[in-house]
Amino acid sequence: MNKKEKKQNKEMSDTKRVVLFTIVIVLVVSIIGVLSYFILREKQEANNPESLKKNATEIAGYSITLDDLDTDLYREEFKKLKKNLESKEINYDEYSESVAKMFVIDLYTIKNKINKYDIGGVEFVLPEGRDNYVTNVTDTIYKYVEDNSNSKRSQQLPVVSSVEVTEVKPSEFKIDSLDKKYESRIYNINISYSADYGYDKTAEVTVINKDNFMYVVEKN
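Residues numbered from 1 in each chain as written. Predicted model: local features only at pLDDT ≥ 70, side-chain atom pairs only at ≥ 80, totals over all residues. Heavy atoms only, no water.

A. Spatial organisation of the overall build of the protein. Helix and strand counts for the protein stand at four helices and six strands. Shown N-terminal to C-terminal, the secondary structure of the protein runs as helices and strands in the order α-β-β-α-α-α-β-β-β-β. For the protein, buried positions account for 32% of its 220 residues. Long-range contacts, defined as pairs at least 24 residues apart, comprise 54% of the intrachain contacts of the protein with a sequence gap of at least 6. Counting every atom, the protein has about 14000 Å² of accessible surface; 51% of that belongs to carbon and sulfur. (Helix = DSSP H or I, 4+ residues; strand = E, 2+ residues; numbered from the N terminus. Buried < 20%, exposed > 50% of the residue type's maximum accessible area, 1.4 Å probe, protein only. Contact = heavy atoms within 4.5 Å. Areas by Shrake-Rupley, 256 points an atom, 1.4 Å probe, with all protein chains shown as cover.)

B. Examining the nonpolar core more closely. One finds Ile 64, Phe 103, Val 104 and Val 205 to be the most contacted residues of the largest nonpolar core, which totals 37 residues. Listed by contribution, the elements that provide at least two residues to this core are β2 (64-66), α2 (72-85), α3 (92-108), α4 (130-139), β3 (160-175), β4 (180-193), β5 (202-210) and β6 (213-219). Broken down by element, this core gets its largest block of residues, nine residues, from α3. In this structure, Val 205 is in contact with Ala 100, Phe 103, Val 104, Arg 185, Ile 186, Tyr 187, Ile 189, Val 216, Glu 218 and Lys 219, ignoring residues within four places of it in sequence. (Core = buried A, V, L, I, M, F, W, Y, C linked by side-chain atoms within 4.5 Å.)

C. Region of interest: the pattern of salt bridges. On inspection of all chains with the given rule, the structure shows eight salt bridges. Ionic pairing is found between Lys 101 and Glu 77, a salt bridge with its closest N-O pair at 3.5 Å. Highlighted residues: Lys 101 in helix α3 and Glu 77 in helix α2, separated in sequence by 24 residues. Classification of Glu 77 as buried rests on a relative accessible area of 9%. Between Lys 82 and Glu 86 there is a salt bridge, and its shortest N-O distance comes to 3.0 Å. (Salt bridge = Lys/Arg side-chain N within 4 Å of Asp/Glu carboxyl O.)

D. Local environment of unusual backbone geometry. Despite not being glycine, Ser 151 shows a phi value in the positive range, around 60 degrees. One can find Ser 151 in the loop between α4 and β3. Residue classification places Ser 151 among the exposed residues on the basis of a relative accessible area of 63%. One non-glycine residue with positive phi stands out, namely Asp 211, at about 55 degrees. By secondary structure assignment, the location of Asp 211 is in the loop between β5 and β6. A relative accessible area of 56% places Asp 211 in the exposed class.

E. The arrangement of the sheet that holds β3 in detail. A sheet is described by the order of its strands in space; here four strands give the open sequence β3-β4-β5-β6, paired in antiparallel fashion. The open sheet terminates on both sides in strands that have one partner only, identified here as β3 and β6. Pairwise comparison of adjacent strand axes, ignoring direction, gives a mean angle of 30 degrees for this sheet. Pairing geometry for β5 and β6, over six bridges, is antiparallel. Of the residues in β6, the one forming a bridge with Val 205 is Lys 219. Along the sheet face, α3 touches β3, β4, β5 and β6 and points at about 50 degrees away from the line of β4. (Pairing = 2+ DSSP bridges. Axes fitted to C-alpha atoms, helices over the stretch in contact; angles between N-to-C directions.)

Structural measurements only, silent on function.
Okay, here's the thing in structure tokens:
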């Protein structure tokens, strides 16, 4: 083999190595891309558990929803509230009480929550206070809630079996950020569970009337 042929063979060999290297790089990048996509999607779903819920029903104009994971107790109160809000004459006292009860039911029924980011009661909270509410609940009541996006969680979590309003106190509530006072009602509520895991048995919930929409502004 002469020098020219050796040179040509070397060039061909080098070309094959470059092509092979390029193919390997493309495959590695593709694999990384696919893995990153699934990891990112899983993370997004964890932070957005609403995307995993099905058959959601909403009370038009009020952003109050019902989905397939909600309990019968919550479902009953939802139907009652929906009927009230869709009637010709809304009973605002009943509207306010339903919001307080549904808030408590949804907050303390944790067994049906997908993960610790699936915070109950958010849609009943005054929009201006929702970020603080979510942060507080995530760091306290829901802090140790395990992920159940694969439906394999074995953790024992509470389910509210009944709620009872024991006292209602008319009041006023000032929202400092809006520099305004609103008509409010303070509900003392007894909470019963299907099994006792040490969660709150009572709650004091303050509901305000803001532009004829009822919102939870405080829970003790």
